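The residues making up each chain are set out below.
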Amino acid sequence: MKGSKRYAKATICCMAVLASGLVLSCSDDWDAHYDGVPRPTRTLWQEITARPELSDFAKLLKGYGYDKFLDSGQRYTVWAPSGSIDTTLVTGEDMTPDEVMEQVVKNHIARGVIAASSVVNDTIKVLNGKPMPFVSEGGVPHFNGSPAKSFNIECSNGDLHILDCQAVYNNNVWSYLRQDADFSNITDYLYSFNKLEFVPELSTPGGVVNGEQVYTDSVFVLTNELWGQIGYLNDEQRDYTMLVPVNDCWDRLVDKFKGFYHYSEDEEPELADKYACRSILDALVFETRSQSSTSDYWESTSGKLFYRPQDAGGLFEGTEAIGCSNGQILKAADVNLSPYQVLNSDIVVEAENIGEYLLTANYYDENKDRPVFVAAANTGVSSSYYMKFTSTNMLRGATVTYAIPNVLSCAYDIGIVFVPMNLTRNGWSSSIDTKKGRVDVELNDKYTKEKLEVEGIEIPGDKVDTIWVARGHQFAYCDYFPDRASMEDAKISLKIVSTPKRSESDYTRDLYIDCILLKPSIDGDLSDEE
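The shown structure was predicted, so the numbers you read here are calculated from the model rather than taken from an experiment.

## Remarks on the overall build of the protein
For step 1, the next point in the chain: When helices and strands are counted, the protein shows 11 helices and 31 strands.
For step 2, the next point in the chain: Here the analysis covers contacts within the protein between residues at least 6 apart in sequence; of these, 71% occur between residues at least 24 apart.
For step 3, the next point in the chain: For the protein, the accessible surface area stands at approximately 24800 Å², while carbon and sulfur atoms represent 46% of it.

## What to know about the packing of helix α7 (residues 184–191) against helix α9 (residues 247–258)
For step 1, the next point in the chain: The contact between α7 and α9 brings their axes to 7 Å, and the two run at 65 degrees. From α7, Ser184, Asn185, Ile186 and Tyr189 reach across to α9, where they touch Asn247, Trp250 and Asp251.
For step 2, the next point in the chain: Residue composition of the contact of α7 with α9, grouped by class: 3 nonpolar, 3 polar and 1 charged.

## Notes on the layout of surface pockets
For step 1, the next point in the chain: By volume, the second largest pocket amounts to about 400 Å³.
For step 2, the next point in the chain: Elements supplying a minimum of two residues to the lining of the second largest pocket: α10 (270–281) and β19 (347–350).
For step 3, the next point in the chain: Of all the elements, α10 adds the most residues to the lining of the second largest pocket, at 3 residues.
For step 4, the next point in the chain: Residue composition of the lining of the second largest pocket, grouped by class: 13 nonpolar, 4 polar and 4 charged.

## Some thoughts on the nonpolar core
For step 1, the next point in the chain: Ranked by internal contacts, the top residues of the largest apolar core, which has 91 residues, are Leu190, Tyr261 and Ile496.
For step 2, the next point in the chain: In terms of residues, this core owes the most to one element, α10, which gives 7 residues.
For step 3, the next point in the chain: Apart from residues no more than four positions distant in its own chain, Leu190 is found in contact with Trp174, Leu177, Asn224, Leu226, Ile230, Met242 and Leu281.

## Some details on empty space enclosed by the protein
For step 1, the next point in the chain: According to the stated counting rule, one finds 1 cavity of 30 Å³ or more in the structure shown.
For step 2, the next point in the chain: Put simply, the largest cavity is a space of about 110 Å³.
For step 3, the next point in the chain: Around the largest cavity, the lining comprises 16 residues; the ones closest to its centre are Val419, Gly437, Ile459, Thr508 and Tyr512.
For step 4, the next point in the chain: Of all elements in the fold, only β27 (437–445) and β31 (511–520) reach the threshold of two or more residues within the lining of the largest cavity.
For step 5, the next point in the chain: The element contributing the most residues to the lining of the largest cavity is β27, with 3 residues.
For step 6, the next point in the chain: In terms of residue class, the lining of the largest cavity is built from 8 nonpolar, 4 polar and 4 charged.

## Remarks on the packing of aromatic side chains
For step 1, the next point in the chain: Counting across every chain of the model gives 22 aromatic pairs.
For step 2, the next point in the chain: Residues Phe286 and Phe306 carry aromatic rings whose centres are separated by 5.9 Å and whose planes lie at 75 degrees to one another, so their mutual orientation is edge-to-face. Placement of the pair is Phe286 in strand β14 (residues 285–287) and Phe306 in strand β16 (residues 305–307), with a sequence separation of 20 residues.
For step 3, the next point in the chain: Here the aromatic residues Trp174, Tyr191, Trp227 and Tyr232 are joined through ring pairs into a cluster of three or more.
For step 4, the next point in the chain: Lying across the ring of Phe183, Lys331 places its NZ or CZ 5.6 Å from the centre.
For step 5, the next point in the chain: The lysine or arginine in question, Arg438, covers the ring of Tyr507, its NZ or CZ lying 4.4 Å from the ring centre.

## Some details on the pattern of salt bridges
For step 1, the next point in the chain: Evaluation of the coordinates by the stated rule reveals 23 salt bridges.
For step 2, the next point in the chain: One salt bridge in this structure joins Asp506 and Lys436, with 3.9 Å as the shortest N-O distance. One end of the pair, Asp506, is in the loop between β30 (492–498) and β31; the other, Lys436, is in the loop between β26 (427–428) and β27, with 70 residues separating them in the sequence.
For step 3, the next point in the chain: Residues participating in the shared-partner salt-bridge network are Arg42, Glu47 and Arg51.

## Some points on the pairing of strand β5 (residues 131–137)
For step 1, the next point in the chain: Bridge count between strand β4 (residues 121–125) and β5: 5 bridges; the pairing is antiparallel. Within β5, the position partnered with Asn121 by the bridge is Val135.
For step 2, the next point in the chain: In this structure, β5 lies alongside strand β6 (residues 140–143), joined through 4 bridges in antiparallel fashion. Pairing of Val135 across the sheet is with His142, part of β6.
For step 3, the next point in the chain: If you look at the hairpin formed by β5 and β6, you'll find 2 residues sitting between the two strands, and Gly138 has a positive phi there, around 65 degrees.

Criteria and cut-off values
Residues numbered from 1 in each chain as written. Predicted model: local features only at pLDDT ≥ 70, side-chain atom pairs only at ≥ 80, totals over all residues. Heavy atoms only, no water. Helix = DSSP H or I, 4+ residues; strand = E, 2+ residues; numbered from the N terminus. Contact = heavy atoms within 4.5 Å. Areas by Shrake-Rupley, 256 points an atom, 1.4 Å probe, with all protein chains shown as cover. Axes fitted to C-alpha atoms, helices over the stretch in contact; angles between N-to-C directions. Nonpolar A, V, L, I, M, F, W, Y, C, P; charged D, E, K, R; others polar. 1 Å grid on protein atoms, 1.4 Å probe; cavity = no way out; pocket = protein on both sides within 12 Å on 5 of 7 lines; lining within 4 Å. Points joined across faces, edges and corners; volume = space filled by probe spheres on them. Core = buried A, V, L, I, M, F, W, Y, C linked by side-chain atoms within 4.5 Å. Buried < 20%, exposed > 50% of the residue type's maximum accessible area, 1.4 Å probe, protein only. Phe/Tyr/Trp six-rings, centres within 6.5 Å; stacked < 30°, edge-to-face > 60°. Lys NZ or Arg CZ within 6 Å of the ring centre and 35° of its normal. Salt bridge = Lys/Arg side-chain N within 4 Å of Asp/Glu carboxyl O. Pairing = 2+ DSSP bridges.

And the structure:
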C-alpha cells in the first residue's frame, strides 16, 4: 500500500441545535480569576460581532442559531477563523447544511473556558466530538494546525481565540468519502440512503396544538440503512479499514456483479443494480481491531473471508492508504475481486420448515399419519432436525415439493440430504432396520418453463447422505427476493417422489429428508464433494 495521511478522531451525526445539547460548564477557576477584578462585559457573541475580520464566521453562527448560545450565560471557548470561510468540500462541492454545522460551526467551539499560552499542549474536544490538538508551536498557540493571531480575549461567558484561518476538519471514513471526487459514484450510492429521523425524546416540547404535540426545538439524527449491513462508518469508537474503488473501478465491479442478478423482464430493472451494489459492499469494509493476528484470513463486516488481503495478489494490493479519524480508506484504481468470492453462499432449505418452504405434498390424509418432526442433535444433521414424511397411499410413496428461494442467475450443484431410518429422537437406534430408498426428482423453473427430471435415484439408507441431483445447473434468471412475503411466489421448486413398489420390501416408501442444498459452482467448481 502507498503512503498514509493521518487525521484525528470524529463523528458525523446530524442534530438540530438544542440548548439541551450545550450545557453549562462551571469553573471555580473562572470565578476566582475575577475575584475583586471587574468582569468583562461583552459576551462572546458581542465580541465576535464587534470584530470585522470575523464577519463571515459571525454570519454562519447566526445562521445556525449559535448566536443565542454565545450570548447567554453558558461558558464556551471559541476559536474564530478570520477572513473568508470555506463551506465547500475539498472537491469544491458545496457542503450540505448539516456538513456546515459539523465541519465549520461545531468544529471551532468547545464547552468551558480553555486558555491559550506559549506552552499550551492540550487536546480539546469540540462540539462535534472531535479531539482537536491545541498546542504551542514556536511559542504560538495552534488549533489543529491553524495558528492563533490573537488569543485569550476574555468575555463575560468564556474565552475567544482568533485564528489566522479556518481549522481543518478531521474526517472519519464516512465523511471522507465526500472529499474525493474520484469516489463520487460509490459515495452517491451510499449517501442516497441517508435519512434524518426525528427524535422526540431529545426534542423540547412546546405544548399541544389541535391535539398534537409540537416542539420548540426538534432534534433530527442522521441514519443510513446500509450502516447495519457494512458498519457504522461514522462511529468514532470503531477502527475501520474500507476498500474504496474509484469511479471507473466501481462501475466495472457493478457491471460484473449484475450478471448474477439477471432478472426477468417482468421485474424492475433497478433490482440488478441494487443487489449488485449491495453485494460488492460485502467485500469492502473490515473492522481492523477484530481481525485475528493468527489467521490468514480477514473477515469483512458482512462475514466474507479474504485470504491475506495485504499480500501480493490480495484484495488490498495496489491501494493508497488514507488515514481517517476512525480508521483508514484504501483507495483502489483496480480491485482484484471476483463475484465468486462474495456470491458463494449456499442456499439451504431445511426440510423441517414445512410451514414456510413446503408448497405441496401427499404424504398423509386427514385421518392418518402426520409428518414427523425429528430432533437429532449432534448427529451431523443440519440444524439438528429432519422430517419424516410417511407414505399413506397404497399406490405411491410420499411426495413433497419445496420452494427454492433466492437463486442467482448462475450455476449450482443441487443436492438433497437424506437421513437413514434408524436415526431417532434418541439418537442412533440398533433396533430399527434401515432400508434403502429410491426417488424421482423434478426441478421446476417457472421463468423458462423448463423441467429438470432425474429418475431412479438410489439412496443407500445407511448414513446421512447427500445425493447430488445435478452438477453445474445454470439458472437463466435470478429469483433473489430476500424480502418476499411468501414462498408461494418462488419461481423455482423441487419435487421429490418416493418410487419403490410395495413388493420391494428392502426399500422404504417414506421420505427422511434433512435439507435441500444448492452450492454455487460458479468460477469452476466451488462445491465440496460429500
